[in-house]
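The chain contents come next:
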Amino acid sequence: STRNGSGSHRMRLLISDANILIDMEAGALRETLFQLPMQFGIPDLLYYEEIEPGSPGLEELGLQVMEVSGDFVAYAQQLPGQHNHLLPAKNGPKPSHNDYLALALAKQETCTLLTGDTNLRIVANKEQVNVMGTIGLLCAMIENQLLSVDDAFKALDRMKSGKRRLPWPEAEKVLNALR
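Read on for an overview of the structure. Predicted, not measured: the structure shown is a model, and the values here were computed from it.

**Section: the packing of aromatic side chains**
- The full count for this structure, using the stated rule, is three aromatic pairs.
- Ring geometry for Tyr47 and Tyr48: centres 5.2 Å apart, planes at 75°, overall edge-to-face.
- When the centroid spacing of 6.1 Å and the interplanar angle of 75° are considered together, the rings of Phe72 and Tyr75 count as edge-to-face. Highlighted residues: Phe72 and Tyr75, both in helix H5 (residues 70-83), separated by three residues, approximately one helical turn.
- Assessed through its relative accessible area of 14%, Tyr75 is described here as buried.

**Some points on the pattern of salt bridges**
- Under the counting rule described, the total for this entry stands at four salt bridges.
- In this structure, the salt-bridge partner of Asp23 is Arg164, at a minimum N-O distance of 2.5 Å. Remark: Arg164 occurs in the loop between helix H9 (149-161) and helix H10 (168-176) and Asp23 occurs in helix H1 (residues 18-26); sequence separation between them is 141 residues.
- According to the relative accessible area criterion, Asp23 is buried, its value standing at 3%.

**Side note on the pairing of strand S2 (residues 39-43)**
- The element S2 is largely enclosed, with a buried count of four among its five residues.
- In this sheet, strand S3 (residues 64-66) lies alongside S2 in parallel orientation, the contact comprising three bridges. Across the sheet, residue Gly41 finds its bridge partner in S3, namely Gln64.

What counts and how
Residues numbered from 1 in each chain as written. Predicted model: local features only at pLDDT ≥ 70, side-chain atom pairs only at ≥ 80, totals over all residues. Heavy atoms only, no water. Phe/Tyr/Trp six-rings, centres within 6.5 Å; stacked < 30°, edge-to-face > 60°. Helix = DSSP H or I, 4+ residues; strand = E, 2+ residues; numbered from the N terminus. Buried < 20%, exposed > 50% of the residue type's maximum accessible area, 1.4 Å probe, protein only. Salt bridge = Lys/Arg side-chain N within 4 Å of Asp/Glu carboxyl O. Pairing = 2+ DSSP bridges.

Here you go:
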């Protein structure tokens, strides 16, 4: 890992969209998320419009509210025209401008994008941006001994009753493999 002058090494940064944070909230994993040895960032616009009104306090927990530079705002604005017509209708709504801002910020910071949105994942793959989702975060929590596998299943159940959308069978398969 790279070290800066002060001798503290920069933890791996991941940029989150709104739905991952809502999954975490639904799974009662808000605090656990910020115990991971990673840093989490989010575009400022997305945060103030979609996250802060419903769940304030994430900045205190360590969420970094970040600015998307002008070049990358422009990049985000041209993504719908480039990709939206190629996204299958069965995948549901196309990514919003805020979703594309999260992708642009991940590109700007050369880091992984956290999203569970099928369409946004497709675009991220085409744009050479790494993607990780809720299941990957649950696995990281288990690997870092912040959760047991049973705890992770309980969190999944909470997400299910919170009407979150996840590939449930795949999630269960992945978690069972960690027992």
